Amino acid sequence: MERRQAGTVKELYRYPLKSMLGERLDQFDATRDGVIGDRAWALIDESDGRVMSAKKFRAMLELRAVYDRPPTAESTVPPKIIFPDGGSLLSDDPSAAAVLSQRLNRKLKLASVQPAQKARAGIDPATIFTGVGVSRIFPNLDETTMPPEFKLKRGTFFDSATVHVITTGTIAHMRTLIGADALIDARRFRPNIVVETPPEARGFVEDGWLNGRLEVGENLRIVSMEPALRCVMTTHPQEDLPRDPRVLRAAADHHRATLGVFASISYPGTVRVGDPVWLVV
């Protein structure tokens, strides 16, 4: 087997409440269940029992969730939800569900992740692949036959994988495909780890990782890497990033609508910005 340095850790992110903006961190701890505290909470639409997702409710990206104190693998910590005007409340505040229900115009409840839960998140088939179309992603489906929900990874609020990694090389390549005016950075893709890759690493860099594993920081091992399917989330406005449908169209035109990798963690560890990232193939 060959072991070579693929890059260094540039940015680390954690998203305490699914589909809200999250935290940029200097370091985090991860177990086989994922980054500790990542997507540990969610909003549930009481009309249908589905987990709320910014795939369908993009106003969720106007809200940010952060931890006032570090979560642990053994305990659930209620995150603080921050509103655009700077106001905030804790997720376990008795008024939280009512305040968020009014803001998002749905009857909502807040839930923390539970072992072995079987959750489903809602989507709108008419908009989930805006500008690309369902049938281009899933040839056997269209906007009328695609289900209005999808299963989340059992016992989690993750869409499909425990951890998500993307490289600066791939992000830079997307910028060249869309145009110099494109405001493309990692926040559009909601990764946990952004790897700074060398200038010679061009194109869709993670394609060269799929048959290997990553060794990151203190002992963390990332395995079972698969191309990460993209959707309308990448086009939504957030913070200083405007709405840009070109992001999803470029991913579909040039890379089967995938960018970065979804993966599993085979060995836990601590990761810090600046840590080397090694690829073993």
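As for the nonpolar core
Item 1. Within the largest apolar cluster, 35 residues are counted, with the highest numbers of intra-cluster contacts made by L17, M20, L43, I81, L100 and F129.
Item 2. Looking at this core, the elements with two or more residues in it are β5 (41-45), α1 (96-104), β10 (108-112), α2 (134-137) and α4 (246-255).
Item 3. Considering every element that reaches this core, the biggest residue donor is α1, with three residues.
Item 4. Apart from residues lying up to four places away in sequence, I81 is in contact with L17, M20, L63, R64, G87, S88, L89, S91, L100 and L110.
Item 5. With 24 residues, the next largest nonpolar core counts A30, V261, A263 and I265 among its residues.

Overview of the sheet that holds strand β18 (residues 269-272)
Item 1. One open sheet holds the three strands; their spatial order is β4-β3-β18, and the pairing between them is antiparallel. The outermost strands of the open sheet, each flanked by one partner alone, are β4 (34-35) and β18.
Item 2. Of the pairings in the sheet, the one linking strand β3 (residues 27-31) to β4 comprises two bridges and is antiparallel in character. Of the residues in β4, the one forming a bridge with A30 is V35.

Some remarks on the pattern of salt bridges
Two side chains that carry opposite charge are able to pair once their charged atoms sit near each other.
Item 1. Enumeration over the complete set of coordinates arrives at 24 salt bridges.
Item 2. Between D181 and R246 there is a salt bridge whose closest N-O contact spans 3.2 Å. Here D181 is found in the loop between α3 (168-178) and β14 (193-196), whereas its partner R246 is found in helix α4, with 65 residues between them in sequence.
Item 3. Here D181 falls in the exposed class, since its relative accessible area comes to 54%.
Item 4. Linked through salt bridges whose partners overlap, the residues forming this network are R64, D185, R187, E239 and D240.

Brief notes about the packing of α3 against α4
Item 1. Closest axis-to-axis distance for the α3/α4 pair is 10 Å, and the angle between their directions is 100°. The pairing of α3 with α4 is recorded here as roughly perpendicular in orientation. Here M174, L177 and I178 of α3 lie close against α4, whose contacting residues are R246, V247, A250, A251 and H254.
Item 2. Its residues placed into classes, the contact of α3 with α4 shows six nonpolar, one polar and one charged.

Observations concerning the sheet that holds strand β9 (residues 88-90)
Item 1. Strand order across the open sheet formed by three strands is β7-β8-β9, with antiparallel pairing between neighbours. Strands with a single pairing partner mark the edges of an open sheet, and in this sheet they are β7 (64-66) and β9. When the angles between neighbouring strand axes are averaged without regard to direction, this sheet yields 25°.
Item 2. Bridge count between strand β8 (residues 80-82) and β9: three bridges; the pairing is antiparallel. Considered in β9, the bridge of I82 is made with S88.

Conventions and cut-offs
Residues numbered from 1 in each chain as written. Predicted model: local features only at pLDDT ≥ 70, side-chain atom pairs only at ≥ 80, totals over all residues. Heavy atoms only, no water. Core = buried A, V, L, I, M, F, W, Y, C linked by side-chain atoms within 4.5 Å. Buried < 20%, exposed > 50% of the residue type's maximum accessible area, 1.4 Å probe, protein only. Helix = DSSP H or I, 4+ residues; strand = E, 2+ residues; numbered from the N terminus. Contact = heavy atoms within 4.5 Å. Pairing = 2+ DSSP bridges. Salt bridge = Lys/Arg side-chain N within 4 Å of Asp/Glu carboxyl O. Axes fitted to C-alpha atoms, helices over the stretch in contact; angles between N-to-C directions. Parallel < 35°, antiparallel > 145°, perpendicular 65-115°, else oblique. Nonpolar A, V, L, I, M, F, W, Y, C, P; charged D, E, K, R; others polar.

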